[in-house]
Amino acid sequence: MSRQVILENSGLKQPVGSRRKRISDHAMVEATIYLKPEVSIDSILAKVLKSGKYLTRQELAATYKASPENFQKVAAFAESHGLKIIKNATENARAISVQGSAANIKSAFGVNLNIVKNKAGKVFHTREGFIKVDADVHPLIEGVFGLDTRPKARTLFQILGFPKTIEQKSTAQKGFAQSRAIMERALVPNTGFYPTDLAKFYNFPNNADGTGQCIGIVELGGGHAQTDLDSYFAKLNLSSPNIVTVSVDGITNAPVGDANSADGEVMLDIEVAGGVAPNATIAMYYAPNTDIGFLDAITTAINDTTNNPSVVSISWGNPEQFWTVQSLIAFNDAFKSAAAIGVTITVAAGDSGSSDGVNDGSVNVDFPASSPYVLACGGTKIILSADDSSIDSEIVWNEGTTSAGGGGVSDFFALPDYQINSNVPPSFNNNFVGRGLPDVSADADPATGYKITVDGGNYVFGGTSAVAPLMAGLIALTNQIQGKNIGFIHPVIYADPNAFRDIISGNNTTTSTNQGFTASQGWDAASGLGVADGNAFVTLFNIPVSNQP
């Protein structure tokens, strides 16, 4: 048998105090092996940005793939350890999904698998330490995913006047969450705004409706009900948007009947995006809440040649420190591939301020919002004029440790070129000069939140989960008006931030050590560039297609 070598980026720790037992050798387990591509995505993207012309999805697939020879070598490695290749594995996908007994998984990847049960009684299998693979295929493999099935991300929404259960990181320095923290907010009257109201307040263009566009939305559970959508959009005097459901890794549209569950996230995303761009098709990518499920949902949306989303909204995430390095790299590479084909990714930046829900006094940012290739969406609180017809003022959303806009400095991703002149501060944790987030902000405080219908009830939602689909809707309108995908927008918006109303009041400090970020003139880690003026945002991209990006 070949000598095994550690995959350096695969290290993972068990949660502190978790009760676990060794999985049976006969239990069936699945995993996905990601291969390194023939041509790096960095090289592909650099050529795209230099040429000023986005690739088609087909052109990307023809270039960004594993070599047939390497694909066969890795497939043979898996089979030599008794693993069966499942799904229609292809070199273009760079992924080989395998299945086998726990004993064969241990043989192939050098890991012991355990079973853990969370407080809700759900059972997952887990691993710890590093993954190992045979030395002859080690140079060919980027990562191995799916060997830990604990929930990977949490939703980033809140409901006004209702308690919400959030998966948080109670054992921050040790690993994944196994406990749940209950966030209580005092019952208050259901006020709030429809997304059409906010589109008006934010001066979104009224000469577009999303016709010809597709907005992709990633969901890791829950579902939507057509009756709720019909009821909701009738209140807006709009037809319900065309919803297309895409099943990823066997997960389908499955409402559970609880607004505080993933159902709330799903309906918030659809109703906000659809309220802003009602004639856009909305493609829902339902996937398991695991590392590979999340990654598969993202890559499926980006590479979807049937629905062709021009923008993808993601309202799920967790602090950077709870992701393996191989996950950070693989997700980020997927976002680079989106940039190469002109697909914009909008991501919620977090709902727990500068701590991002980690209770050890440290400052943290949420991932995947911290990727330099996504539009990180932060949160504000709005104060209306006396006649409620316009915004009088707007400040950083911060109502306490479990209700504040996320933002800060990445401890993993380096400062991108487009932020060189943004005065991004070094990380409080280690002085690393990293990617700063958010990029933009909008209304996220539940007290000034979004009227939403879910599971037969009417609620007011807040959270940066609402800002990601709001911005996705604006980008769909912009794509329609411009007649092209605006795509990777960061170099454009940072070069000309005048399309954003600067937020200069408030902070997102929520750590026990009082470390956080204060709004100020220009970009800051509490509100980003500020809040987009919709019509001004559209005109930023009044440039010839040959000069875009």
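Residue positions are counted from 1 within each chain, in the order its sequence is given. Only residues with pLDDT of 70 or above have their local features reported here, since the model is predicted, and side-chain atom pairs are shown and tallied only from 80 upward, although totals for entire chains, interfaces and linings are computed over all residues. Note that the side-chain values use all heavy atoms of the structure and ignore hydrogens as well as water.

## A look at the overall build of the chain
What counts as a helix is a DSSP run of H or I of at least four residues, what counts as a strand is a run of E of at least two, and both are numbered from the N terminus. For the chain, the helix and strand inventory stands at 12 helices and 29 strands. We take the radius of gyration over the C-alpha atoms and set the globule estimate at 2.2 Å times the residue count to the 0.38 power. Its C-alpha atoms give the chain a radius of gyration of 22 Å, within 12% of the compact-globule value 24 Å for 549 residues. Along the first, second and third principal axes, the C-alpha set of the chain runs to 75 × 55 × 50 Å. The buried label goes to any residue with under 20% of its type's maximum accessible area, the exposed label to any with over 50%, and the partly exposed label to all in between, with areas taken from a 1.4 Å probe on protein chains only. A total of 549 residues make up the chain; the buried ones form 61% of that total. Considering only contacts within the chain whose residues lie at least 6 apart along the sequence, 79% involve residues at least 24 apart. On the chain, roughly 19900 Å² of surface is accessible, and the fraction owed to carbon and sulfur atoms is 49%. Residues scored as charged are limited to Lys and Arg (positive) and Asp and Glu (negative), so that His and the chain ends carry no count. Charged groups are reduced to one reference atom each: NZ for lysine, CZ for arginine, CG for aspartic acid, CD for glutamic acid. Separation of charge centres in the chain, based on 38 positive and 51 negative side chains, amounts to 8 Å. Should any heavy atoms of two residues lie within 4.5 Å, those residues are considered in contact. Areas reported here follow the Shrake-Rupley algorithm with a probe of radius 1.4 Å; residue values treat only the protein chains shown as occluding.

## Points about the pairing of strand E21 (residues 375-384)
Burial analysis of E21 places 9 of its 10 residues in the buried class, which makes it a mostly covered element. The rule for pairing is simple: two strands pair if DSSP sees at least two bridges between them. Pairing of strand E19 (residues 344-348) with E21 involves 3 bridges; the strand directions are parallel. Residue Val-347 lies in a different strand from E21, and its bridge partner there is Ala-376. Here 4 bridges tie E21 to strand E25 (residues 440-443), and the two strands are oriented parallel to one another. Bridge pairing in E25 links Gly-378 to Ser-441. Linkage of E21 to strand E22 (residues 391-396), two consecutive antiparallel strands, is achieved through a turn of 6 residues, within which Asp-388 is found at a positive phi near 60 degrees.

## Digging into the side chain of Ser-313
Examined against the element boundaries, Ser-313 turns out to sit in strand E17 (residues 311-314). Not counting chain neighbours up to four residues away, the residues in contact with Ser-313 comprise Gly-216, Ile-217, Val-218, Thr-346, Ala-468, Pro-469 and Ala-472.

## Digging into the sheet that holds strand E6 (residues 114-117)
One open sheet accounts for 3 strands, arranged E2-E6-E7; its pairing is antiparallel. Only two strands of the sheet have a single partner each, and these edge strands are strand E2 (20-22) and strand E7 (123-126). Adjacent strand axes in the sheet meet at a mean angle of 30 degrees when their direction is disregarded. Bridge count between E6 and E7: 4 bridges; the pairing is antiparallel. If you follow Lys-117 over to E7, its bridge partner there is Val-123. Between N-to-C directions, angles cover 0 to 180 degrees, with each direction set by a line fitted to C-alpha atoms, over the stretch in contact for helices.

## Section: the nonpolar core
Counting 130 residues, the largest nonpolar core has Phe-294, Ile-345, Ile-493 and Phe-537 as its most contacted members. In terms of residues, this core owes the most to one element, helix H10 (residues 464-482), which gives 9 residues. If we ignore the near neighbours within four places in the chain, the residues touching Ile-493 are Leu-375, Phe-500, Leu-529, Phe-537, Leu-540 and Phe-541. Grouped together as the second largest cluster of nonpolar side chains are 28 residues, Ala-102, Val-133, Val-137 and Leu-140 included. Note on terminology: a nonpolar core comprises buried Ala, Val, Leu, Ile, Met, Phe, Trp, Tyr and Cys residues joined through side-chain atoms within 4.5 Å.

## Some details on the environment of Asp-25
Relative to the assigned elements, Asp-25 resides in the loop between E2 and strand E3 (28-35). A C-alpha to C-alpha distance of 46 Å links Asp-25 and Ala-46, two positions 21 residues apart in sequence. When neighbours within four sequence positions are excluded, Asp-25 is seen to be in contact with Ser-101, Ala-102 and Ala-103.

## Some thoughts on helix H8 (residues 291-302)
In this analysis, the expected span of each helix is defined as 1.5 Å times one less than the number of residues it contains. An ideal rise of 1.5 Å per residue puts 16 Å on 12 residues; H8 measures up with 17 Å between its terminal C-alpha atoms. Most of H8 sits out of view: 11 of its 12 residues are buried. Considered for burial, the residues of H8 that qualify are Asp-291, Ile-292, Gly-293, Phe-294, Leu-295, Asp-296, Ala-297, Ile-298, Thr-299, Ala-301 and Ile-302.

## Focus: the pairing of strand E16 (residues 281-286)
Of all 6 residues in E16, 6 are buried; the element is thus mostly enclosed. Residues Thr-281, Ala-283 and Tyr-285 point to one face of E16 and Ile-282, Met-284 and Tyr-286 to the other, with burial holding for every one of them. By the bridge criterion, 6 bridges tie strand E14 (residues 214-219) to E16 in an arrangement that is parallel. Bridge pairing in E16 places Glu-219 opposite Tyr-286. In the sheet, strand E15 (residues 243-247) pairs with E16 via 5 bridges, with the strands oriented parallel. By the bridge assignment, Thr-245 is partnered in E16 with Met-284. Consider the strands pointing away from the viewer: the crossover is right-handed when the path from the first strand over the helix to the second runs clockwise. Running through helix H7 (residues 262-276), the crossover from E15 to the neighbouring parallel element E16 is left-handed.

## Notes on the packing of helix H1 (residues 41-51) against helix H9 (residues 325-340)
Interaxial distance between H1 and H9 falls to 9 Å at its minimum, and their mutual angle equals 25 degrees. On the basis of their axis angle, the class for H1 and H9 is roughly parallel. Our pair here, H1 against H9, has a crossing hand that is left-handed. On H9, the residues that touch Ile-41, Asp-42, Ile-44, Leu-45 and Val-48 of H1 are Asp-333, Lys-336, Ser-337, Ala-339 and Ala-340. For classification purposes, angles smaller than 35 degrees are called roughly parallel, those larger than 145 roughly antiparallel, those between 65 and 115 roughly perpendicular, and all remaining angles oblique. Each crossing gets its handedness from the near helix: less than a right angle anticlockwise from the far helix is left-handed, clockwise is right-handed.

## Here's the deal with H7
For H7, which comprises 15 residues, the first-to-last C-alpha distance of 22 Å matches the rise-based estimate of 21 Å (1.5 Å per residue) to within 8%. Along H7, 15 of the 15 residues are buried, which leaves the element largely enclosed by surrounding structure.

## Regarding the sheet that holds strand E26 (residues 450-454)
Reading across from one edge, E11-E27-E26 is the order of the 3 strands in this open sheet, with antiparallel pairing throughout. Two strands lie at the open edges of the sheet, namely strand E11 (158-159) and E26, each paired on one side alone. Sheet topology note: the E26/strand E27 (residues 457-462) ladder contains 5 bridges and is antiparallel. What sits directly across from Tyr-450, in E27, is Phe-461. Along the sheet, helix H6 (residues 226-235) makes contact with E26 and E27, crossing E26 at roughly 150 degrees.

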